[in-house]
Amino acid sequence: MGRGLTLLLLALALLAAPAQAEDGAAAEEVKIEVVQLPEVCSPKSKKGDLLNAHYDGFLASDGSKFYCSRTQNEGHPKWFVLGVGQVIKGLDIAMMNMCPGEKRKVIIPPSLAYGQQGYAQGKIPPNATLIFEIELYAVNKGPRSVEAFHQIDKDSDKKLSQLEISQYLKEEFARDGKKRHPSAHDEILADIFKKNDHDGDGFISAKEYNVYQHDEL
């Protein structure tokens, strides 16, 4: 699946995982140490941006490594949308205002990580303070950016019709160049409207589309 189509599906068909911070999280802070900063630090990341990064996770208690992004996905850096709960709350905070080429070492308290319950599958015990070493490679406009909305909204009426999204899907399929079952287009289109047309009027409004709350829409 091509990157453009992947971003569309991230934007419209998939729902972000809920943030994992617990109540009282605001009382604790993420400690950030900038290890490397490029001479030209731009653009800086903000909520809703699509980031590409590698990061290693360690338990603060004994320094043992519990996660390494380089061992997953054939070693490719991870793509995720910042600030919407696709990673733990502490990482969402730690990677704000970060630029490509920057490296950070961050310490995340339990309340902004996995809290009292821990994460057994990830070998993280209850009430664990976590340390991450992060290297950021790219900061792109997120899949629900203002620009993406205007690109799909051909008639500029601030809502996306089934025809507009259908046409956008056809363009992305053609750009991607992969063979798909004829039913794939209709299934994806139906799924997009099922998950985003909250009032059932047959359109995805700017408000329904815009989970990041841009003032421009």
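The structure contained in this document is the topic of the report that follows. (Residues numbered from 1 in each chain as written. Predicted model: local features only at pLDDT ≥ 70, side-chain atom pairs only at ≥ 80, totals over all residues. Heavy atoms only, no water.)

Below, the discussion takes up the pattern of salt bridges. Per the stated rule, a full pass over the model turns up five salt bridges. Between Asp-49 and Lys-46 there is a salt bridge, and its shortest N-O distance comes to 3.2 Å. Lys-46 gets classed as partly exposed once you look at its relative accessible area, which sits at 43%. The salt bridge involving Arg-104 is made with Glu-102; its shortest N-O contact spans 2.6 Å. Pair check on accessibility: Arg-104 and Glu-102 agree, each one buried. Linked through salt bridges whose partners overlap, the residues forming this network are Asp-56, Lys-65, Arg-70 and Glu-135. (Salt bridge = Lys/Arg side-chain N within 4 Å of Asp/Glu carboxyl O. Buried < 20%, exposed > 50% of the residue type's maximum accessible area, 1.4 Å probe, protein only.)

Time to look at the state of the cysteines. Scanning the entire structure with this criterion turns up one disulfide. Each sulfur in the disulfide pair Cys-41 and Cys-99 lies 2.1 Å from the other. On the sign convention where negative means left-handed, the S-S torsion of about -105° between Cys-41 and Cys-99 marks this disulfide as left-handed. Taken as a pair, Cys-41 in the loop between β1 (31-36) and β2 (50-59) and Cys-99 in the loop between α2 (89-94) and β5 (103-108) lie far apart in primary sequence, 58 residues in all. By the burial criterion, Cys-41 is buried, and Cys-99 matches it. (Disulfide = S-S within 2.5 Å. Helix = DSSP H or I, 4+ residues; strand = E, 2+ residues; numbered from the N terminus.)

With that settled, the discussion passes to helix α5 (residues 183-196). When the terminal C-alpha atoms of α5 are compared, their 20 Å separation across 14 residues agrees well with the 20 Å that a helix rising 1.5 Å per residue should span. Taken residue by residue, α5 has Ala-184, His-185, Ile-188, Leu-189, Ile-192, Phe-193 and Asn-196 as its buried positions. For α5, the angular spread of buried residues about the axis comes to 160°, placing them on one side. Exposed residues pointing more than 90 degrees away from the buried face of α5 are listed as Glu-187 and Lys-194. (Expected span 1.5 Å × (residues − 1). Arc of directions from axis to C-beta.)

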